[in-house]
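# Coordinate analysis (summary)
What follows is the residue order along each chain.
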Amino acid sequence: MNSYDYAHRSGVQRLSWDDFASLSRCLAEMLEPQHPHVILGIARAGLFPATAVACALRCELFPIRLTRRVADQVVYASPIWKVPIPADVKGKIVAVIDEIADTGQTLVMARHEALTLGAERVFTVCLVNHSWANPVPDITALVSDEFVIFPWDAQVLDHGKWVVHPEIELGIKAQSR
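Think of each chain on its own: its residues are numbered from 1, step by step along the sequence as written. This being a predicted model, a pLDDT of at least 70 is required before a residue's local features are given, and a value of 80 or more before pairs of side-chain atoms are given or counted; all residues contribute to the totals for chains, interfaces and linings. Hydrogens and water molecules were not included; the side-chain quantities draw on all heavy atoms of the structure.

## Some remarks on the layout of surface pockets
Each cavity reported here is a set of points on a 1 Å grid over the protein atoms alone in which a 1.4 Å probe fits but cannot get out, each pocket an open set with protein on both sides within 12 Å along at least five of seven lines, and each lining residue one with an atom within 4 Å of a point. Grid points are joined across faces, edges and corners, and a volume is the space filled by probe spheres set on the points. In this structure, the second largest pocket occupies an estimated 250 Å³ of space. What lines the second largest pocket is a set of 14 residues, among which Asp72, Gln73, His165, Pro166 and Glu167 lie closest to the centre. Strands here mean DSSP runs of E at least two residues long; helices mean DSSP runs of H or I at least four residues long; both are numbered from the N terminus. Residue assignment for the lining of the second largest pocket shows that the elements contributing at least two residues are strand S5 (73-74), strand S11 (155-158) and helix H4 (166-175). Its residues assigned to classes, the lining of the second largest pocket comprises 8 nonpolar, 2 polar and 4 charged. Put simply, Ala, Val, Leu, Ile, Met, Phe, Trp, Tyr, Cys and Pro go in the nonpolar bin, Asp, Glu, Lys and Arg in the charged bin, and everything else, Gly too, in the polar bin.

Below, the structure is given as structure tokens:
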């Protein structure tokens, strides 16, 4: 499975900001019994649910960045590190949070690195995951094989005008084929 293979998805699911808030509350409720000390939010979009959960659970939040993208364009076949995990994870219960698990590769890399840095336990957490994510996140609020459109991705500012994100246009076109 290639990441960003939108034709593989079945249907389109648009999430509103209210949906995001509900799903984030769900993540916090499922994660609370694990008593995390540290939340690692995978930038960029993973920072949305990571911040909501960290605030709800009153945990430390550290942004990290593993990405296939440069300037919002997919340029790498596999994620590369841009912002590393801080040493603060040593001896701590850590939750790595992203907005979506497609292949699961980013979460695997973050978990491995946190454990290498001495984290006591690491939970992988996603707002949404696809059924083909491998491995499946430890905690997820929604499983969907649809093309999920998050509220922060719906539109982008292009030369002073708000337009549909070009990647969303491509994803929707892939659905109609």
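That shown, we press on.
## A short note on the pairing of strand S8 (residues 121-129)
Most of S8 is tucked away: 8 of the 9 residues are buried. Two elements, strand S7 (residues 93-101) and S8, share 8 bridges in a ladder whose sense is parallel. By the bridge assignment for S8, Ile93 is matched with Arg121. A crossover links S7 with its parallel partner S8, the connecting element being helix H3 (residues 105-116), and its sense is right-handed. The rule for pairing is simple: two strands pair if DSSP sees at least two bridges between them. Relative to strand S9 (residues 139-143), S8 is paired through 4 bridges, and the arrangement is parallel. When the bridges of S9 are listed, Val125 appears paired with Ile139. Burial status follows relative accessibility: with a 1.4 Å probe on protein chains alone, a residue under 20% of its type maximum counts as buried, one over 50% as exposed, and anything between as partly exposed. We call a crossover right-handed when, viewed with both strands directed away from the observer, the connection leading from the first strand over the helix to the second proceeds clockwise.

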